[in-house]
Amino acid sequence: MKSYMLPEFNVYRDLERCVSCQVCVNQCTYMVHYYDEEEDLVKSREENCVGCLRCAMLCPTKALKIVPNPTSYRENHHWTRESISAIKVQAESGGVILTGMGCDKPQYTYWDRIVLNASQVTNPSIDPLREPMEIRTFLGKKPKELSIEAGSGRYSLTTELSPQLKLEMPIMFTAISYGAVSFNVHESLAMAASESGTYFNTGEGGLDRRLYRYGDHAIVQVASGRFGVDPSYLEVGAAVEIKIGQGAKPGIGGHLPGEKVSREISRTRMIPKGTDALSPAPQHDIYSIEDLSQLIYAIKEATGYAKPVSVKIAAVHNSAAIASGIVRAGADIIALDGIRGSTGAAPKIIRDNVGIPIELALASVDQRLRDEGIRNEASLVVAGGVRNSADVVKAIALGADAVYIGTAALIAIGCTVCQKCYMGRCPWGIATTDPWISKRVNPLIASKRLSNLLRAWSLEIKEMMGGMGINSIESLRGNREMLRGVGLTDKELSILGVRHAGE
Amino acid sequence: MRVSNLCGGVNALGSRVRRIDEGFFEVDAGGLRYKELNTILRILDRRRIHRVRLINVEGQRYIGTGLRNISEIEVHGTPGNDMGAFMKGLKITVYGNAQDGCGNTMSSGEIIIHGSAGDILGYAMRGGKIMVKGDIGYRGGIHMKEYHNLKPIIVVGGSAGDFLGEYMAGGIIALLGLNLDGGSAHEARYVGTGMHGGVIYIHGEVRHKGGEVVELDLERGDRIVLEGLVMEFSRNFDMDPEEILDREYYKLLPFSKRPYGQLYAY
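Parameters at a glance
Residues numbered from 1 in each chain as written. Chains lettered and ligands numbered in written order. Predicted model: local features only at pLDDT ≥ 70, side-chain atom pairs only at ≥ 80, totals over all residues. Heavy atoms only, no water. Helix = DSSP H or I, 4+ residues; strand = E, 2+ residues; numbered from the N terminus. Buried < 20%, exposed > 50% of the residue type's maximum accessible area, 1.4 Å probe, protein only. Contact = heavy atoms within 4.5 Å. Areas by Shrake-Rupley, 256 points an atom, 1.4 Å probe, with all protein chains shown as cover. Lys, Arg positive; Asp, Glu negative; His and termini not counted. Charge placed at Lys NZ, Arg CZ, Asp CG, Glu CD. Salt bridge = Lys/Arg side-chain N within 4 Å of Asp/Glu carboxyl O. Polar contact = N/O pair within 3.5 Å; in protein donor to acceptor, adjacent residues only side chain to side chain. Phe/Tyr/Trp six-rings, centres within 6.5 Å; stacked < 30°, edge-to-face > 60°. Lys NZ or Arg CZ within 6 Å of the ring centre and 35° of its normal. Core = buried A, V, L, I, M, F, W, Y, C linked by side-chain atoms within 4.5 Å. Pairing = 2+ DSSP bridges. Axes fitted to C-alpha atoms, helices over the stretch in contact; angles between N-to-C directions. Parallel < 35°, antiparallel > 145°, perpendicular 65-115°, else oblique. Left-handed = near helix turned anticlockwise from the far one by under 90°. Nonpolar A, V, L, I, M, F, W, Y, C, P; charged D, E, K, R; others polar. Patch = residues over 30% accessible without salt bridge, like charges linked within 9 Å, V, L, I, M, F, W, Y side chains within 5 Å. pLDDT = per-residue confidence, 0-100.

1. Some details on the overall build of chain B
Line of reasoning, step 1. Within chain B, the secondary structure is distributed over five helices and twelve strands.
Line of reasoning, step 2. Each principal axis of the C-alpha distribution contributes one length, and for chain B these read about 60 × 50 × 30 Å.
Line of reasoning, step 3. In chain B, buried positions account for 56% of the 266 residues.
Line of reasoning, step 4. Look at the contacts in chain B between residues 6 or more apart in sequence, and 42% of them connect residues 24 or more apart.
Line of reasoning, step 5. Summed over all atoms, the accessible surface of chain B reaches about 11000 Å², with 44% contributed by carbon and sulfur.
Line of reasoning, step 6. Across chain B, the centroid of the 32 positively charged side chains sits 10 Å from that of the 33 negatively charged ones.

Now the structure itself:
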């Protein structure tokens, strides 16, 4: 069938600069660039280009320009290029359109319509360069009260504390499975989490034996397919997370295609080589809050009640009620993933239309747990499109204990958000299991980039807190007085629990 | 070793434990909460006790979970849900019925049930054996997968509920249908839905099969495997293997290791 698709990008090669070194030919995994021996020229098949910019960034003479194709359909706000192209693709293939990364639609971002406060005159701001600022965070169930025994000048705590995760900054690396990303990326995340005193989440694809030494900084995930889940996996992690849902694709499951299940992936997931790794939406032992409780306590029994158990859900319409049930089911941590949450592969129609923005879900869950007097029973971790330290500060002021970052971490490694993760050919060596391509990520360098990012954000968080006159992250948590909305409706403000700017 | 010392910090539970022989203890589970019972088991486990008999079991969950050293548990009564969850290298024999989630995500070991078992038997198990003398509930063997030198096996003497072997990615399920009258069929529907690995041996028709499986006659290799399993089954439950083997069997195999490969545009 003749394809009526226009190339998404144009590749412009400055022939005065190009020296036919063929770096672009070697780097492009989509076979865009090729060398024409007869003419001694490098040429392009631009219909293959995904706009990842690998070639442009590595071209030694800066001879390449990748430009969105200006030839497009007649301008139409309703029938956009995206909607017309989608129909053409489906008319030609009859299939579901896949995509990678998080939702790219502007209408769901509330972070940008919330601003932060700063002290002026009436209370002093704090200079974080001079004074201690506490951003260390503990995740897990907190006691309602503490009882302390005094005896001969010594005091001891008699309340039995639940197991906690200790984070040096309220930021963790979100669930990204080995299989969706390369081993090198998993190792980079593990190394950076260990170096920076935080945690990485294995995702549902198991933990490679070579990374067991980073187990103290791993949150190991258990999902419906139970990939790689055995007693040693539960034992090695610092916490266990039950994955119910994911922000990028609430209500649907995961599916690692058989061709990606190499020998190594098969070993880590503990499944046969070359078969589809199916992780359906429901865990068939969980049909209710009672069943969820059963799995939570199965994990606690298996790990001797020594580790916090987290439950991850996608933010959907009744998140607050669901979260209340999760707390009552015995979870120590709730992870909430919003509509902008990222993925290695999801049907585009699901990614862009199912779920709710994390800001609204977070505010309503935090409020509901407070109203019910059970907010201390579990920590709240949010994920889904956190782009910078201001998003982190706003999330904490809305009630989160910590955030998970995924896309931001991958961007730190090299990702350019071209949204083609599902192709498995990521030219940056990230979303691929191809050993040749994945060598492009050097774990030593990538983990340094990740640690730098965490350091930079931590410094910025301290600056913002200092500006508000707050020297401990505890005083920022759920402190919505530090937030104001801009251009939001009364309803939005009431759900967020913040006042409008100027009030 | 004095029994009252055995439970150290949990003295109240110590009276529940009775030494029968060297390395063999009996625990009276009557009226205990699951956490209390499993605490006793973990203490015995740390003392490297090999064999434990549980009596008066009244639906306590997670029996056999998180143990490392105990190699054999006898359960008298009715164990609760998730018996043997995440289990590794242990043998549990139940003289009664088991409930839901038996052998959930187990890695290795053996579960022998002298009665029937509930739903999701052997969820995502990747090694070991489960043998049930009677019937099992819905979704038996769901997500079962084999890996490396591990091959999970479920043998059911009676019949099974719907979705037997759903999403199965390896291992063996044998449904012997010993309680079927001549000519009657298993009630199970959607058998092998989403299956993409492993094999299901069945005696007797099932009401409905999943779209991902194909029905085939046994080959010589299958016969040998089935014979071995039936011999073991009959030994466990004191039955005559000849009688069981002297019946018709067929097998269900998945069409493909990639059941859902054709769904996407690119």
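2. Quick word on the interface of chain B and chain A
Line of reasoning, step 1. Taken together, the contact pairs 40 residues of chain B with 45 residues of chain A.
Line of reasoning, step 2. Our count for the chain B to chain A interface comes out at two salt bridges.
Line of reasoning, step 3. In this structure, the connection of chain B to chain A is made through 17 residue pairs in polar contact (both at pLDDT 80 or more).
Line of reasoning, step 4. Per-element accounting of the side of chain B that touches chain A gives the leading share, four residues, to helix H3 (residues 34-46) of chain B.

3. Some words on the pattern of salt bridges
Line of reasoning, step 1. Counted according to the given criterion, the structure contains 52 salt bridges over all chains.
Line of reasoning, step 2. Of the charged contacts, one joins Arg42 of chain B and Glu301 of chain A as a salt bridge, the two residues approaching to 3.2 Å between their closest N and O atoms. Residue Arg42 of chain B is found in helix H3, and its partner Glu301 of chain A is found in helix H7 (residues 289-302); the two belong to separate chains. An identical accessibility class is assigned to Arg42 of chain B and Glu301 of chain A; each is buried.
Line of reasoning, step 3. Among the salt bridges present, the one from Asp391 of chain A reaches Arg387 of chain A, with a minimum N-O distance of 3.0 Å.
Line of reasoning, step 4. Since its relative accessible area comes to 40%, Arg387 of chain A is described here as partly exposed.
Line of reasoning, step 5. Each member of the salt-bridge network shares a partner with another, and the members are Asp366, Arg370, Arg375, Asp401, Glu474, Arg477 and Arg480 of chain A.

4. Describing the packing of aromatic side chains
All names here are of chain A.
Line of reasoning, step 1. Applying the stated criterion to the full structure yields five aromatic pairs over all chains.
Line of reasoning, step 2. Here Tyr178 and Phe183 contribute two aromatic rings whose centre-to-centre distance is 5.8 Å and whose plane-to-plane angle is 70°, an arrangement assigned as edge-to-face. The pair formed by Tyr178 and Phe183 is uniform in burial state, with each residue classed as buried.
Line of reasoning, step 3. Just above the ring of Phe183 sits the side chain of Arg210; from NZ or CZ to the centre is 3.8 Å.
Line of reasoning, step 4. One Lys or Arg, Arg269, reaches over the ring of Phe227 and ends 5.3 Å from the middle of that ring.

5. Here we look at the nonpolar core
Line of reasoning, step 1. With 129 residues, the main nonpolar core has Phe173, Ile405, Ile430 and Leu476 of chain A as its most contacted residues.
Line of reasoning, step 2. By residue number, the principal contributor to this core is helix H14 (residues 443-468) of chain A, which donates nine residues.

6. A word on the environment of Glu145 of chain A
All names here are of chain A.
Line of reasoning, step 1. Considering the arrangement of structural elements, one finds Glu145 in the loop between strand S7 (137-139) and strand S8 (148-151).
Line of reasoning, step 2. A relative accessible area of 64% means that Glu145 is categorised as exposed.
Line of reasoning, step 3. Between the alpha carbons of Glu145 and Thr159 there is a distance of 8.1 Å; along the sequence they are 14 residues apart.

7. Details of the sheet that holds strand S22 (residues 483-485) of chain A
Line of reasoning, step 1. Judged by pairing direction, the sheet is mixed, and its three strands sit side by side in the order S6-S22-S23 (chain A) without closing on themselves. In this open sheet, the two strands that pair with only one neighbour each are strand S6 (114-116) and strand S23 (499-500) of chain A.

8. Describing the environment of Phe227 of chain A
Line of reasoning, step 1. In this structure, Phe227 of chain A sits in the loop between strand S13 (218-222) and helix H5 (231-236).
Line of reasoning, step 2. Residues Phe227 of chain A and Thr268 of chain A, 41 residues apart in the sequence, show an inter-C-alpha distance of 7.9 Å.
Line of reasoning, step 3. Phe227 of chain A has contacts with Glu204, Gly205, Gly206, Arg269, Ile271, Ala277, Leu278 and Ser279 of chain A together with Lys145 of chain B, leaving out every residue within four places of it along the chain.

9. Examining the sheet that holds S13 of chain A
Residues and elements named next belong to chain A.
Line of reasoning, step 1. Around the barrel, which closes on itself, the eight strands sit in the order S11-S12-S13-S14-S17-S18-S20-S21 with parallel pairing between neighbours.
Line of reasoning, step 2. Pairing of strand S11 (residues 171-175) with strand S12 (residues 200-201) involves two bridges; the strand directions are parallel. Among the inter-strand pairings, Phe173 is bridged to a residue of S12, identified as Phe200.
Line of reasoning, step 3. Of the strands in this sheet, S11 and strand S21 (402-405) are in contact with H14, which crosses S11 at around 135°.

10. Describing the packing of helix H4 (residues 183-196) of chain A against H14 of chain A
Residue and element names in this part refer to chain A.
Line of reasoning, step 1. Put simply, H4 and H14 touch, their axes get as near as 8 Å, and they point 45° apart. Here H4 lies oblique to H14, going by the angle between them. Relative to H14, H4 is oriented so that their crossing is right-handed. Contact residues: H4 offers Asn184, Glu187, Ser188, Leu189, Met191, Ala192, Glu195 and Ser196, while H14 offers Pro443, Leu444, Ala446, Ser447, Leu450, Ser451 and Leu454.
Line of reasoning, step 2. Here the contact of H4 with H14 is composed, by residue class, of eight nonpolar, five polar and two charged.

11. Points about the packing of helix H8 (residues 319-328) of chain A against helix H10 (residues 358-371) of chain A
All names here are of chain A.
Line of reasoning, step 1. Interaxial distance between H8 and H10 falls to 8 Å at its minimum, and their mutual angle equals 50°. One way to sum up the angle between H8 and H10 is to call them oblique. Along this stretch, H8 crosses H10, giving a crossing that reads as right-handed. Counting all contacts with H8, which are made through Ser319, Ala320, Ala321, Ala323, Ser324 and Val327, the residues of H10 involved are Ala361, Ser364, Val365, Arg368 and Leu369.
Line of reasoning, step 2. Looking at the contact of H8 with H10, its residues break down into seven nonpolar, three polar and one charged.

12. Some thoughts on the pairing of strand S17 (residues 309-314) of chain A
One face of the sheet, then the other: side chains in a regular strand alternate in exactly this way.
Residue and element names in this part refer to chain A.
Line of reasoning, step 1. With six of six residues buried, S17 lies mostly within the body of the structure.
Line of reasoning, step 2. Sheet topology note: the strand S14 (residues 239-243)/S17 ladder contains four bridges and is parallel. The residue bridging Glu241 from the neighbouring strand is Ser310, located in S17.
Line of reasoning, step 3. Pairing of S17 with strand S18 (residues 333-337) involves five bridges; the strand directions are parallel. Note on S18: the bridge partner recorded for Ala314 is Asp337.

13. Remarks on H8 of chain A
All names here are of chain A.
Line of reasoning, step 1. In terms of residue burial, H8 counts as a mostly covered element, since seven of its ten residues are buried.
Line of reasoning, step 2. Considered for burial, the residues of H8 that qualify are Ser319, Ala320, Ala323, Ser324, Gly325, Ile326 and Val327.
Line of reasoning, step 3. Residues of H8 that are buried sit in contact with H7, S17, S18 and H10.

14. Some remarks on a nonpolar patch on the surface
Line of reasoning, step 1. Together, Leu146, Ile148, Tyr155, Leu157 and Leu161 of chain A line one region of the surface with nonpolar side chains, adding up to about 570 Å² of accessible area.
Line of reasoning, step 2. Note on placement: Leu146 of chain A falls in the loop between S7 and S8.

15. Overview of a negative patch on the surface
Line of reasoning, step 1. On the surface, a cluster of negative charge is made up of Glu227, Asp240, Glu242, Glu243 and Asp246 of chain B.
Line of reasoning, step 2. For Glu243 of chain B, the location among the structural elements is in helix H5 (residues 241-245).

16. Here we look at the side chain of Asn81 of chain B
Line of reasoning, step 1. Tracing the backbone shows Asn81 of chain B in the loop between strand S4 (72-78) and strand S5 (90-95).
Line of reasoning, step 2. A polar atom in the side chain of Asn81 of chain B sits 2.8 Å from the side chain of Gln294 of chain A.
Line of reasoning, step 3. Within the structure, Asn81 of chain B has its side chain in polar contact with the backbone nitrogen of Asp100 of chain B (distance 3.2 Å).
Line of reasoning, step 4. Residues within four places of Asn81 of chain B in sequence aside, it is in contact with Gln294 of chain A together with Arg61, Tyr62, Gln99 and Asp100 of chain B.

17. Things to note about the confidence of the model for chain B
Residues and elements named next belong to chain B.
Line of reasoning, step 1. Residues at a pLDDT of 70 or more form 94% of chain B, whose mean pLDDT is 92.
Line of reasoning, step 2. Contacts for the low-pLDDT stretch residues 1-10, under 50 throughout, to residues beyond four places or in other chains number 18 contacts.
Line of reasoning, step 3. Reported confidence for the predicted complex is 0.92 by ipTM and 0.94 by pTM.

18. Remarks on unusual backbone geometry
Line of reasoning, step 1. Phi at Met101 of chain A is positive, roughly 60°, even though this residue is not glycine.
Line of reasoning, step 2. Along the chain, Met101 of chain A turns up in the loop between strand S5 (98-99) and S6.
Line of reasoning, step 3. Of note, Ala124 of chain B is a non-glycine position whose phi angle comes to about 55°, a positive value.
Line of reasoning, step 4. One can find Ala124 of chain B in the loop between strand S6 (109-113) and strand S7 (129-132).

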